[in-house]
Every structure is written in C-alpha cells, then in structure tokens.
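Residues per chain, in single letters:
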Amino acid sequence: MDPNLPAPRALTVIQLPDGTYTYADAANLPAQQAPQQIVQHIHQAPPDRTVQRLALGSGMGAGAVAAGVYFGPLLVGVLTAIAANLAMLAFLAAVMAWGVVTVVKSIGGGEGKAASKSVSRARRGRG
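Just so we're clear, the structure is a prediction, and the values are computed from it rather than from any experiment. (Residues numbered from 1 in each chain as written. Predicted model: local features only at pLDDT ≥ 70, side-chain atom pairs only at ≥ 80, totals over all residues. Heavy atoms only, no water.)

Caption draft 1: Summary view of the overall build of the chain. Assigned secondary structure in the chain consists of three helices and two strands. Starting at the N terminus and ending at the C terminus, the chain contains elements arranged as β-β-α-α-α. For the chain, the proportion of its 127 residues judged to be buried stands at 5%. Within the chain, counting contacts between residues at least 6 apart in sequence, those at least 24 apart form 0% of the total. Accessible surface for the chain amounts to roughly 11,600 Å². Of this, 65% is attributable to carbon and sulfur atoms. (Helix = DSSP H or I, 4+ residues; strand = E, 2+ residues; numbered from the N terminus. Buried < 20%, exposed > 50% of the residue type's maximum accessible area, 1.4 Å probe, protein only. Contact = heavy atoms within 4.5 Å. Areas by Shrake-Rupley, 256 points an atom, 1.4 Å probe, with all protein chains shown as cover.)

Next up, the structure:
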C-alpha cells in the first residue's frame, strides 16, 4: 500500500427506497431507525349491478357466472324462436280462415252468401 494514499474507509451496502443497492460511507449513515409503520385502509368496493358479479360476490362461484353467461343469450334466442313460431302460426290461421270463407262464398251459392252474411253480422254484434 502506498503511504501517500488516504486510509480506506468502511463502506456499507444499503438498499435505496427504489429497491436498488449501493455503497455508502458508514460514517455518513444516520443512526438505525425503527421500521416505519404503514397504516393501510382497505375500503369495500361499491356493489356492481350485473348478475355475474353479484353471483361472484355472494360466493356462488364460477358456476353461476358460467350459467349466466351461457344461458342468458340462449334464453333470449329460445324466446325469440318461440315468438316467431307463434307469429307464423297466427298468420297461417288468418290466411286459412280467409281461404275457407272465400271458398264457402264461391261454392255455396245463395246459402254460402247467406251464411257468410250471418257470420259477419254475428261478429259485428247484430243478430
């Protein structure tokens, strides 16, 4: 060692607040402090309005979420198909009734016309 050089100082490895490590001069370090106490307030989130999140929040689990996601649109599709079928049946019933009335008027002669008139009067409330 060269006597003209200063004596080596004791260096200490410290961790900075950002998590990195560095060397520090032990003479310049402050006295050891007690760990800082962190008080953390945890607040509950506001309730959600969707069925799936309510199902998860009440502890029903992933099965309820899967059922809501899968059967929700499936139910809408089924109800739409039922409504379309009923509308088609109502349309067919109206067309068939119109066809029967037309055939009875044309084939029945005088009796058919009298029958259609009595039916139309009965519908209007005149007897």
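Caption draft 2: Quick look at the packing of aromatic side chains. What the rule picks out here adds up to one aromatic pair. For the ring pair Tyr 70 and Phe 71, a centre distance of 4.9 Å and an interplane angle of 80° mean the geometry is edge-to-face. For Tyr 70, a relative accessible area of 53% gives the class exposed. (Phe/Tyr/Trp six-rings, centres within 6.5 Å; stacked < 30°, edge-to-face > 60°.)

Caption draft 3: Fine view of a positive patch on the surface. Together, Lys 113, Lys 117, Arg 121 and Arg 124 give the surface a local cluster of positive charge. Its place among the elements puts Lys 117 in helix H3 (residues 109-124). (Patch = residues over 30% accessible without salt bridge, like charges linked within 9 Å, V, L, I, M, F, W, Y side chains within 5 Å. Salt bridge = Lys/Arg side-chain N within 4 Å of Asp/Glu carboxyl O. Lys, Arg positive; Asp, Glu negative; His and termini not counted. Charge placed at Lys NZ, Arg CZ, Asp CG, Glu CD.)

Caption draft 4: Quick look at the pairing of strand E1 (residues 11-15). Examined bridge by bridge, E1 and strand E2 (residues 21-25) share five bridges and lie antiparallel to one another. Paired with Gln 15 across the bridge in E2 is Tyr 21. Hairpin geometry of E1 and E2 is characterised by an intervening segment of five residues between the two adjacent antiparallel strands and by a positive phi of about 100° at Gly 19. (Pairing = 2+ DSSP bridges.)

Caption draft 5: Seen up close, the confidence of the model for the chain. Across the chain, pLDDT averages 75, with 68% of residues at or above 70. Ranking the elements of the chain by mean pLDDT puts helix H1 (residues 51-57) last, at 56, and helix H2 (residues 62-107) first, at 87. (pLDDT = per-residue confidence, 0-100.)

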